[in-house]
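# Structural description and commentary
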Amino acid sequence: MTGTTRSSHDLDPRRRRALVRSWRRGTREMDLVLGGFADAEIDRLSDDELDQYEALLEVPDTQLFKWVTGEAAVQPPHDTPLFARILAARGN
């Protein structure tokens, strides 16, 4: 996983997959946004938040990038407190 700073040894298989998918998006920009968030938060997400996060991982990078940059409004059902946390974390 290029760029990750987190070991996945202590994660359950579902979180491990989400971490890998976060760093292997297809565009470097989204790797950095989602991968950085996953490094910091994947082990703390509730099951409901993990469901939301996995749904975000299904959204194409081109659309996610527009949401992250504010070029387009975040569409339901992805306009959640979790997505707001991802946006807040990208500056760290």
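Further up the page is the structure itself.
Structural notes, computed from the coordinates. (Residues numbered from 1 in each chain as written. Predicted model: local features only at pLDDT ≥ 70, side-chain atom pairs only at ≥ 80, totals over all residues. Heavy atoms only, no water.)

## Some points on helix 3 (residues 47–57)
The α-helix winds at 3.6 residues per turn, so residues separated by three or four positions along the chain end up facing the same way. Among the residues making up helix 3, those that are buried are Leu50, Tyr53, Leu56 and Leu57. Seen along its axis, helix 3 keeps its buried residues to an arc of 115°; they face one direction. Turned more than 90 degrees away from the buried face of helix 3, the exposed residues are Asp47 and Asp48. Those residues of helix 3 that are buried lie in contact with helix 1 (13–23), helix 2 (28–41), helix 4 (61–69) and helix 5 (81–89). (Buried < 20%, exposed > 50% of the residue type's maximum accessible area, 1.4 Å probe, protein only. Helix = DSSP H or I, 4+ residues; strand = E, 2+ residues; numbered from the N terminus. Arc of directions from axis to C-beta. Contact = heavy atoms within 4.5 Å.)

## Quick notes on the nonpolar core
Counting 23 residues, the largest nonpolar core has Ile42, Tyr53, Leu64 and Ile86 as the members making the most contacts within it. For this core, the secondary-structure elements that each account for two or more residues are helix 1, helix 2, helix 3, helix 4 and helix 5. Ranked by residues supplied to this core, first place goes to helix 2 with five residues. Filtering out sequence-adjacent residues up to four positions away, tyrosine 53 remains in contact with Ala18, Ser22, Leu34, Phe37, Ala38, Ile42, Leu45, Leu82 and Ile86. (Core = buried A, V, L, I, M, F, W, Y, C linked by side-chain atoms within 4.5 Å.)

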